[in-house]
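# Commentary on secondary and tertiary structure
The chain contents come next:
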Amino acid sequence: MKIYLIDTEFLSWNKKQSEEHLRLRPKSQPPELIQIFIQEIFTKHVNQKILYIKPTNYRVYPYRISKLTGINKKFLDDKGLDFKVAYKSLVKFIPKNSLVISNGDEYKILESNIKINKIKKANKKIYFLNFYNLIKDSKLFNKYKDLNFIPVVMIKEVLKLKLKSHDAKNDVTTLFKCIKKIGIQKSDLKKYFKHYKLYKI
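A brief look at the structure comes next.

Positioned with a positive phi, N123 is a non-glycine residue whose angle comes to about 60 degrees. In this structure N123 comes out as partly exposed when scored by relative accessible area, which is 49%. One non-glycine residue, K160, lies in positive phi territory at about 60 degrees. Position of K160 relative to the elements: it lies in the loop between α7 (152-159) and α8 (168-182).

Below you can see the structure in the form of structure tokens.
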């Protein structure tokens, strides 16, 4: 089984913006992906992919996204892929029966983007594992033991990392450094099988 770490960035709206642009973008509209970074771990070879995606269902590009991620509308207009193209690239990159680890339920965001873009899924079977399950019992994160989720920014604080937040590649780097710090080995992942989420991409 091949193991991957994944992170995404997507269009999101704070409460004020949701109210301002309610007529343009309903609160119920799913967030659109703009960046995906995925990297294979527990391998001697560099095997990774970064995808920038041009959202097509929004009407006003949230200014907070440019501020948070550094990814602006012009860049995506020029360099961003259509989600259907990005989806095919991602499906091709991830082998069947792989385990994909994410800090949160990235598969839900992926699924919503598949639906809003009306894509017929390839139905390749993979598994997702929430990163939280790997670190919640670590002594390093004792002060967060009452939380149900530990954001990447808090993980960076614990590890004393100075990486820009809200960048999918940097966030994957943070997760990978955390795995190494805790000493998780590939064989250890079997212990978390009950937390694997079967997903057909």
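After that view, the rundown keeps rolling.
So, on to the packing of aromatic side chains. Evaluation of the coordinates by the stated rule reveals eight aromatic pairs. Here the aromatic rings of Y52 and F75 are separated by 4.9 Å at their centres, their planes lie at 80 degrees, and the arrangement is edge-to-face. Within this pair, whereas Y52 is found in strand β3 (residues 48-52), its partner F75 is found in helix α3 (residues 73-79), the two being separated by 23 residues in sequence. Pairing F128 with Y199 gives two aromatic rings, centres 5.8 Å apart and planes at 80 degrees, and the pair type is edge-to-face. A residue pair is termed long-range when its members are at least 10 positions apart, and F128 in strand β5 (residues 125-130) and Y199 in strand β6 (residues 197-200) qualify at 71 residues. The same class applies to F128 and to Y199, which are both buried. In textbook terms, an aromatic cluster arises when at least three aromatic residues are bridged by ring pairs, as seen for Y107, F128 and Y199.

Glancing now at the environment of A86. Relative to the helices and strands, A86 resides in helix α4 (residues 83-93). With relative accessibility at 1%, the residue A86 sits in the buried group. Between the C-alpha atom of A86 and that of V172, which follows or precedes it by 86 residues, the distance is 19 Å. What A86 contacts, discounting residues up to four positions off in sequence, is L51, I53 and L81.

Relative to the helices and strands, Q35 is located in strand β2 (residues 33-41). Judged by its relative accessible area of 0%, Q35 falls in the buried class. Among the polar contacts listed, one links the side chain of Q35 to the backbone nitrogen of A168, at a separation of 3.0 Å.

Now for the packing of α4 against helix α5 (residues 106-116). At a minimum axis distance of 10 Å, the contact between α4 and α5 shows a crossing angle of 130 degrees. One element, α4, and the other, α5, form an angle in the oblique class. Two packed elements cross with a definite hand, and for α4 against α5 that hand is left-handed. Residues F83, Y87 and L90 of α4 form the contact with α5, whose own contacting residues are L110, N113 and I114. For the contact of α4 with α5, the residue count by class is five nonpolar, one polar and no charged.

Rules used throughout
Residues numbered from 1 in each chain as written. Predicted model: local features only at pLDDT ≥ 70, side-chain atom pairs only at ≥ 80, totals over all residues. Heavy atoms only, no water. Buried < 20%, exposed > 50% of the residue type's maximum accessible area, 1.4 Å probe, protein only. Helix = DSSP H or I, 4+ residues; strand = E, 2+ residues; numbered from the N terminus. Phe/Tyr/Trp six-rings, centres within 6.5 Å; stacked < 30°, edge-to-face > 60°. Contact = heavy atoms within 4.5 Å. Polar contact = N/O pair within 3.5 Å; in protein donor to acceptor, adjacent residues only side chain to side chain. Axes fitted to C-alpha atoms, helices over the stretch in contact; angles between N-to-C directions. Parallel < 35°, antiparallel > 145°, perpendicular 65-115°, else oblique. Left-handed = near helix turned anticlockwise from the far one by under 90°. Nonpolar A, V, L, I, M, F, W, Y, C, P; charged D, E, K, R; others polar.

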